[in-house]
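So you can see what is in the structure, the chains are spelled out below.
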Amino acid sequence: MKRTIRLCVVLLAAMASFAGKASPQPPAQSAAADQKILTYIDSGWNTLSRSMTDCKSLVDPKVTTAPVLYLPAGMETPSAVATAHQQCNVEIKQLPRKITHIGDVRVAEIPVEGLLYLPNRYVVPGGRFNEMYAWDS
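Since this is a predicted model, take the numbers as computed values, not measurements.

Thresholds, definitions, all that
Residues numbered from 1 in each chain as written. Predicted model: local features only at pLDDT ≥ 70, side-chain atom pairs only at ≥ 80, totals over all residues. Heavy atoms only, no water. Pairing = 2+ DSSP bridges. Helix = DSSP H or I, 4+ residues; strand = E, 2+ residues; numbered from the N terminus. Disulfide = S-S within 2.5 Å. Buried < 20%, exposed > 50% of the residue type's maximum accessible area, 1.4 Å probe, protein only. Core = buried A, V, L, I, M, F, W, Y, C linked by side-chain atoms within 4.5 Å. Contact = heavy atoms within 4.5 Å.

Enquirer: I tried to follow the sheet that holds strand β4 (residues 115-116) on my own but got confused; where do I start?
Expert: Paired through their backbone hydrogen bonds, the strands of a sheet run either parallel or antiparallel. With respect to topology, 3 strands assemble into an open sheet ordered β3-β2-β4, the strand pairing being parallel. With one partner strand each, in any of the chains shown, β3 (91-94) and β4 form the two edges of the open sheet. Both strand β2 (residues 68-71) and β4 contribute to a ladder of 2 bridges, which runs parallel. Bridge assignment links Y70 to a residue of β4, and that residue is L116.

Enquirer: How should I be thinking about the state of the cysteines in this particular structure?
Expert: Here a disulfide denotes one covalent bond, and it connects the sulfur atoms of two cysteines. Taken as a whole and assessed by the stated rule, the structure comprises 1 disulfide. For C55, the disulfide goes to C88, at an S-S distance of 1.7 Å. In this structure the cystine formed by C55 and C88 twists about its S-S bond by roughly -80 degrees; its chirality is therefore left-handed. Separated by 33 residues along the polypeptide, C55 in helix α3 (residues 55-58) and C88 in helix α4 (residues 79-88) bring together distant segments of the chain. When its relative accessible area of 28% is taken as the criterion, C55 is described as partly exposed.

Enquirer: In this structure, what is going on with the nonpolar core? I would like to understand it.
Expert: Side chains of a nonpolar character, in soluble globular proteins, are inclined to be buried together. Counting 12 residues, the largest nonpolar core consists of M52, L58, L69, L71, V81, A84, C88, V90, L115, Y117, Y122 and V124. For this core, the secondary-structure elements that each account for two or more residues are β2 and α4. Considering every element that reaches this core, the biggest residue donor is α4, with 3 residues. In contact with Y122, not counting residues within four places along its chain, are L48, S49, R50, S51, M52, S57, N130, E131 and M132.

Dropping the structure here:
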């Protein structure tokens, strides 16, 4: 028992001596440093964002066939997509029906792989891919 108490006292003394030697917290960043970080993020954002109206976002260099862009069932082709169709040689198709749940997609109804139209710019983490994947959202 005395040995246990002695060990606890030694451990507490050691902890107390190390506690005083901890390095202090660095001072808070200045407004200039904060602005530098925000500028860096802002400049990098364009390299990570994609648009369905940009040929580089629609065309996959690994695929030799014309890319396919699927619009939701019943949606009229937006003018920007029609322009992309002409400029990027993108085939525009409609989904066969309205899809409301994950299980609603039937692979047999969509025989050609393609991209699902997204009306707004979107971000691809890391900028490596042009398409958005479910695990990124």
